[in-house]
Amino acid sequence: MLKSHSSAALPRSGFSGPWYYARRASEFLEDAANPRHFRHMLADAHRQRWGVKPADGEVISWERSSEVLRTLLENAACTKDQMVVLEYCLQNAGRIDAMLCGFDRQARLNAVLLELKRWQKCMMEESSESRSVRVDFGSGVEERLHPSVQVLRYRDRLQELLAPRERKGAKRVRLSPYAYLHNCSPISANIANMRRVLLDRKFRDYLHPAPLFMGGNAETLERKIGRRIGRGKGDEVLRRLVR
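All values derive from a computational prediction rather than experimental measurement.

A. Seen up close, the packing of aromatic side chains. All told, the structure shown has six aromatic pairs when counted by the stated rule. Consider the rings of Y178 and F213, whose centres lie 5.8 Å apart with planes at 70°: the pair is edge-to-face. Placement of the pair is Y178 in strand β8 (residues 174-181) and F213 in strand β9 (residues 212-214), with a sequence separation of 35 residues. A relative accessible area of 4% places F213 in the buried class. Taken together, the aromatic side chains of Y21, F28 and F38 make up a single cluster linked through ring pairs. In this structure, K233 is placed above the aromatic ring of F103, and the distance from its NZ or CZ to the ring centre is 4.6 Å.

See below:
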């Protein structure tokens, strides 16, 4: 595991807000290195917010997602004072799986919104107007929003929530939405069909502003993350989002 050098002397960063978890990338890497402890942290946050125990499937998803995020951050060289925010609650509009905050080389404030999926097999909806796909979870097939459509809705809702707080002339936080299907490897038996369904032209208007990545092109996603938040100071960006 990569260690932080710039933030080593800083106290641990706990930030309270409409989310389950918010820590510096260096701290996240330490927390996520202990999967059992990490999933208990998120489960406790879920119980405190909603008063109920999270579903077993959700807990398993958090553990797998933490491994995926560790890899993305380490490969993007974002292991210091960037901010990692998990399960950002959007006031009855769902939860953002992960939000990564930091500055880029042009000193612009950025927040990367990630929708993480474990899907391995899906089918096209019959209607050409549908913005959903049919996902085979093994135990059954369910209709779900296309991941790019979903993360775009989260971006739009977050922008609505931020608009009343923005001060005239102040730097705005640039929101970059991405979908990542991390279980779709290049050697997956269903990869060709997944690409055919999820990259279909009827989703073009959503894929352009919210690109979708699969396991085979994770390097492109890692480069985008590095360019947007590589200069760190994620706490400043997060404070701008919740002030």
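There is more to say after this.
B. View of the nonpolar core. Grouped together as the largest cluster of nonpolar side chains are 33 residues, with contacts concentrated most on F28, L86, L114 and I225. For this core, the leading source of residues is helix α3 (residues 56-75), giving six residues. Once you skip the residues sitting within four places of it in the chain, F28 turns out to touch Y21, R23, F38, S66, L69, R70, L73, V84 and L86. Core analysis: the second largest hydrophobic core is formed by 25 residues, L113, Y154, V173 and L238 among them.

C. Highlighting the pattern of salt bridges. Overall, the coordinates contain 15 salt bridges when judged by the stated rule. Between E63 and R39 there is a salt bridge, and its shortest N-O distance comes to 2.5 Å. Of this pair, E63 sits in helix α3 while R39 sits in helix α2 (residues 35-50), and the two are 24 residues apart along the sequence. For E63, a relative accessible area of 23% puts it in the partly exposed group.

D. A look at the sheet that holds strand β6 (residues 132-136). The three strands are arranged β5-β6-β7 in an open sheet whose pairing can be described as antiparallel. In the strand order of this sheet, the two ends are held by β5 (122-124) and β7 (141-145), each with one partner. The sheet shows a mean angle of 35° between the axes of neighbouring strands, direction not considered. Here β5 pairs with β6 via three bridges, running antiparallel. Directly across from M124, in β6, lies its bridge partner V133. Of the strands in this sheet, β5 and β6 touch helix α5 (residues 191-198), which is tilted by about 40° from β5.

Quick notes on the rules
- Residues numbered from 1 in each chain as written.
- Predicted model: local features only at pLDDT ≥ 70, side-chain atom pairs only at ≥ 80, totals over all residues.
- Heavy atoms only, no water.
- Phe/Tyr/Trp six-rings, centres within 6.5 Å; stacked < 30°, edge-to-face > 60°.
- Helix = DSSP H or I, 4+ residues; strand = E, 2+ residues; numbered from the N terminus.
- Buried < 20%, exposed > 50% of the residue type's maximum accessible area, 1.4 Å probe, protein only.
- Lys NZ or Arg CZ within 6 Å of the ring centre and 35° of its normal.
- Core = buried A, V, L, I, M, F, W, Y, C linked by side-chain atoms within 4.5 Å.
- Contact = heavy atoms within 4.5 Å.
- Salt bridge = Lys/Arg side-chain N within 4 Å of Asp/Glu carboxyl O.
- Pairing = 2+ DSSP bridges.
- Axes fitted to C-alpha atoms, helices over the stretch in contact; angles between N-to-C directions.

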